[in-house]
Amino acid sequence: MTRRFEGRCALVTGAASGIGLAVAQLLAGEGAARLVLVDRDAAALDAVRIDAETTRLCGDVADEALWDRVDLAGLDHALVNAGVAGAGAINALAFAEWRRILSVNLDGAFLTLRAAMRAMMANPERRGGSIVLTASAAGIKAEPGVAAYGCSKAALIHLAKIAAKEGAADGIRVNAIAPAGVETPVWDAVPMFADRVAQIGRDAAFAELAAMGTPLGRYAKAEEVAEQIAFLLGDQSALMTGATLLADGGYTL
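Here's what I pulled together on the structure shown here. (Residues numbered from 1 in each chain as written. Predicted model: local features only at pLDDT ≥ 70, side-chain atom pairs only at ≥ 80, totals over all residues. Heavy atoms only, no water.)

Observations regarding the packing of aromatic side chains
For the structure shown, the criterion picks out 2 aromatic pairs. Consider the rings of Phe193 and Phe206, whose centres lie 4.7 Å apart with planes at 40°: the pair is tilted. Taken together, the residues Phe193 in helix H6 (residues 191–200) and Phe206 in helix H7 (residues 202–213) connect sequence positions 13 residues apart. Between Phe206 and Tyr219 the ring centres are 6.3 Å apart and the planes differ by 65°, which places this aromatic pair in the edge-to-face class. (Phe/Tyr/Trp six-rings, centres within 6.5 Å; stacked < 30°, edge-to-face > 60°. Helix = DSSP H or I, 4+ residues; strand = E, 2+ residues; numbered from the N terminus.)

So, in structure tokens, the structure goes:
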């Protein structure tokens, strides 16, 4: 049986953990010939073990110079996924914290998206490609205490729509995915979650959050979100562009 990404080349940012790692592993298992993996955690990136040719680049996706060093020739797919979390009420939020989150989540996403689209447009003999931006249900549903994170993810959803219109003439599809709670390391940067982990343990803290926040009563695993991203990247979604796949367990209802 033909694997979905046989012989393809894909870029994944935030590839050393969580959703990015799960997608990289899925793409390799589905036949990807080459993966370009980007993460700022050098040790974790080096520890990634997947069965495909890999180019690994350690750095900050918000550093424009990083993208001058990336070889994206022959790129077919891209997951614009690197991101950071944080919390704080607007009246108490330091501007430096606002900029830290927006820098990675929005500036870094823009630079990644620009590099991917340029690569896909560079060779007229390889017309088209597909890109997914990892947004969040926090970019759709307003909650107190997450202004920087929520605004960065709302911007990504709109950025995907604009990129979809700009890329359509070249056969480039751009979509977003908006998960709610996903059991990934990004939660470790949220003080409230870290406090609950210290008190009741990681699994119990995730279960507590899910019970409060989602009608389905559970958070997603990174591997579940990876399957949805693979659908958006793959040929099965050939008519989808500019869409946001909401995968939130009912959180935004």
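After that view of the structure, there is still more to cover.
Here's the deal with helix H1 (residues 18–29)
The end-to-end C-alpha distance of H1, which contains 12 residues, comes to 17 Å, matching closely the 16 Å that a straight helix rising 1.5 Å per residue would cover. Taken across its 12 residues, H1 has 9 buried, putting it largely inside the fold. Every buried residue belonging to H1 is among Gly18, Ile19, Gly20, Ala22, Val23, Ala24, Leu26, Leu27 and Ala28, and all of these are buried. Turning to H1, the residues buried within the fold contact strand E1 (9–13), strand E2 (34–39), strand E4 (77–80), strand E5 (129–134) and helix H8 (222–233). (Expected span 1.5 Å × (residues − 1). Buried < 20%, exposed > 50% of the residue type's maximum accessible area, 1.4 Å probe, protein only. Contact = heavy atoms within 4.5 Å.)

A closer look at the pattern of salt bridges
Under the definition given, this model contains 11 salt bridges. Where Glu6 meets Arg3, a salt bridge forms, and the shortest distance between an N and an O atom there is 3.1 Å. With relative accessibility at 43%, the residue Glu6 sits in the partly exposed group. Between Asp235 and Arg8 there is a salt bridge, with its nearest N and O atoms 3.0 Å apart. Of this pair, Asp235 sits in the loop between H8 and strand E7 (244–247) while Arg8 sits in the segment before E1, placing them 227 residues apart in sequence. According to the relative accessible area criterion, Asp235 is exposed, its value standing at 52%. (Salt bridge = Lys/Arg side-chain N within 4 Å of Asp/Glu carboxyl O.)

Read these as layout, nothing more, since geometry by itself doesn't imply function.
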